[in-house]
Amino acid sequence: MTYEKALKHAHYEYSKVENLGEGAWHRAWKVMSNKHDPVVLRIPKKIAYQKEVVYDESALKAEYGGTEIYYRCVNAVVAGAAPEMFENYVSAELTYTLESFAGNHVDLHHLNKEDAHILGVNIGQLYRKVEQVDHGIEGFGFLAWNEKQGTHGQFSSDFNAFIEEECQEVMDDYRELSAKSPLFETPQLKAAFLRICENRLNEITHPVLTNQDASPENWLMDKGQLRIIDPLPIVYFGEVMAANFLNLYETLFVELAHTERYGKHRFHECQEALQSIADGFIEGYCAEKPHLIALLRGEQLLQVLDSAIGHVRMLETGMTEEQIIRFGSQEVVEKRLIVFGKKMNELLHLV
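Our subject in this report is the structure included herewith. Owing to the predicted nature of the structure, the values given are computational and were not obtained by experimental measurement.

What counts and how
Residues numbered from 1 in each chain as written. Predicted model: local features only at pLDDT ≥ 70, side-chain atom pairs only at ≥ 80, totals over all residues. Heavy atoms only, no water. Helix = DSSP H or I, 4+ residues; strand = E, 2+ residues; numbered from the N terminus. Salt bridge = Lys/Arg side-chain N within 4 Å of Asp/Glu carboxyl O. Buried < 20%, exposed > 50% of the residue type's maximum accessible area, 1.4 Å probe, protein only. Core = buried A, V, L, I, M, F, W, Y, C linked by side-chain atoms within 4.5 Å. Contact = heavy atoms within 4.5 Å. Pairing = 2+ DSSP bridges. Axes fitted to C-alpha atoms, helices over the stretch in contact; angles between N-to-C directions. Parallel < 35°, antiparallel > 145°, perpendicular 65-115°, else oblique. Nonpolar A, V, L, I, M, F, W, Y, C, P; charged D, E, K, R; others polar. Phe/Tyr/Trp six-rings, centres within 6.5 Å; stacked < 30°, edge-to-face > 60°.

A few words now on the environment of V351. If you trace the backbone, V351 turns up in the segment after α10 (330-348). Between the C-alpha atoms of V351 and L295, which are 56 residues apart in sequence, the distance is 7.0 Å.

All right, on to the pattern of salt bridges then. Scanning all chains against the criterion turns up 22 salt bridges. For E217, the salt bridge goes to R261, with nearest N and O atoms at 3.7 Å. Residue E217 is found in the loop between β11 (208-211) and β12 (219-222), and its partner R261 is found in the loop between α6 (238-255) and α7 (271-286); the two are separated by 44 residues along the sequence. In this structure, E217 and R261 share a single accessibility class: buried. A salt bridge links E250 to K343; its shortest N-O distance comes to 2.9 Å. Of the two residues, E250 sits in helix α6 while K343 sits in helix α10, which places them 93 residues apart along the sequence. Given the relative accessible area of 11%, E250 is considered buried. Residues joined in a network through salt bridges with shared partners are D173, E176, K180, R313 and E316.

Residues F193, W219, F245, Y249, L301 and M344 are the most contacted members of the largest nonpolar core, which totals 93 residues. For F245, the residues in contact, after removing those within four places along its chain, are I123, Y127, A214, W219, I277 and F281. If you look at the next biggest cluster of nonpolar residues, it comprises eleven residues, including Y12, W29, L41 and L98.

One open sheet holds the three strands; their spatial order is β8-β12-β13, and the pairing between them is antiparallel. Edge positions in the open sheet fall to β8 (104-105) and β13 (225-228), since each of these has one partner strand only. Bridge analysis of β8 against β12 gives two bridges, and the strand direction is antiparallel. When the bridges of β12 are listed, H105 appears paired with L220.

Attention now moves to the packing of helix α2 (residues 57-77) against helix α3 (residues 113-131). Relative orientation of the contacting elements α2 and α3 amounts to 105°, with a least axis distance of 9 Å. In terms of axis orientation, α2 runs roughly perpendicular to α3. Contact residues: Y70, C73, V74 and V77 in α2; L126, K129 and V130 in α3. Its residues placed into classes, the contact of α2 with α3 shows six nonpolar, no polar and one charged.

We now examine the packing of aromatic side chains. Applying the stated rule across the entire model yields 24 aromatic pairs. With a centroid separation of 4.2 Å and 10° between ring planes, the pair formed by F245 and F281 is classed as stacked. One end of the pair, F245, is in helix α6; the other, F281, is in helix α7, with 36 residues separating them in the sequence. Neither residue differs from the other here; F245 and F281 are each classed as buried. Ring geometry for Y249 against F253: centres 5.1 Å apart, planes inclined by 80°, an arrangement best described as edge-to-face.

The following block contains the structure:
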């Protein structure tokens, strides 16, 4: 589908269209007009990770509905930190989104250590502030959509019972990992996972709106203001998604730097900036509260566990083409387990 058809359907008069490139799932254009401020048009790709993308109305409406809600909550706590306008249209013949142009991508390769730290502080503060907003979404978990409920969380069960089930899954994953890879079989790690699960039961009392997608591609600067685009909202434990941010910036982005999916970002060349962003994020999210820092580092340890068990299972079942694009070859995936082991031992001293 070309951008002309979408813009005609949206009745959007334009003077110039500039290609912004493509992510894993969408192509994007900057659309300029003599009558309006610039907007960004996104159209889903027909092929992603070398596979045909099957049209799914409910999934698309859940994604776009969640984005609209997340943008609204972000702007409620920091005016202008997300696109003010967001529109979408979903059908089998034509699907697109239009949103305010939010600025230029942060260039990690030209970001000094101090500015990277400040960026991380701002992101961490934004995460924490959004968690405090009454988002109005019923249920929790990944977002879903249907005609009756609109955008909602896929789970409606007792939240405390859900946490207990997730804690049991954590221990099951650790037992599986340690049985299949002796590198991870230590009394210290087992004790740490038990302690983290206990902290979860005591500290996490309710789900919040948070963001699963922490990619640097989605952090922009506009006239000195931090802005976020293209989130992947979820109603879940805030500390889990904050820990996901740390796992990405301290470990995974550099580890995935040579994969087909992330190679263009050259993350291995800006490791210092990534670490400074992570350090700043902890400061902004935790506000120097020791118990919150320990809770966050514990959740980060669980994120590394999840990454490790995911890698072990990929090796067991044989890697798909999509997994090779995202994670690298079988040999690379095997070697990465050593990195995960070292990171777990590092985090043990911070939990």
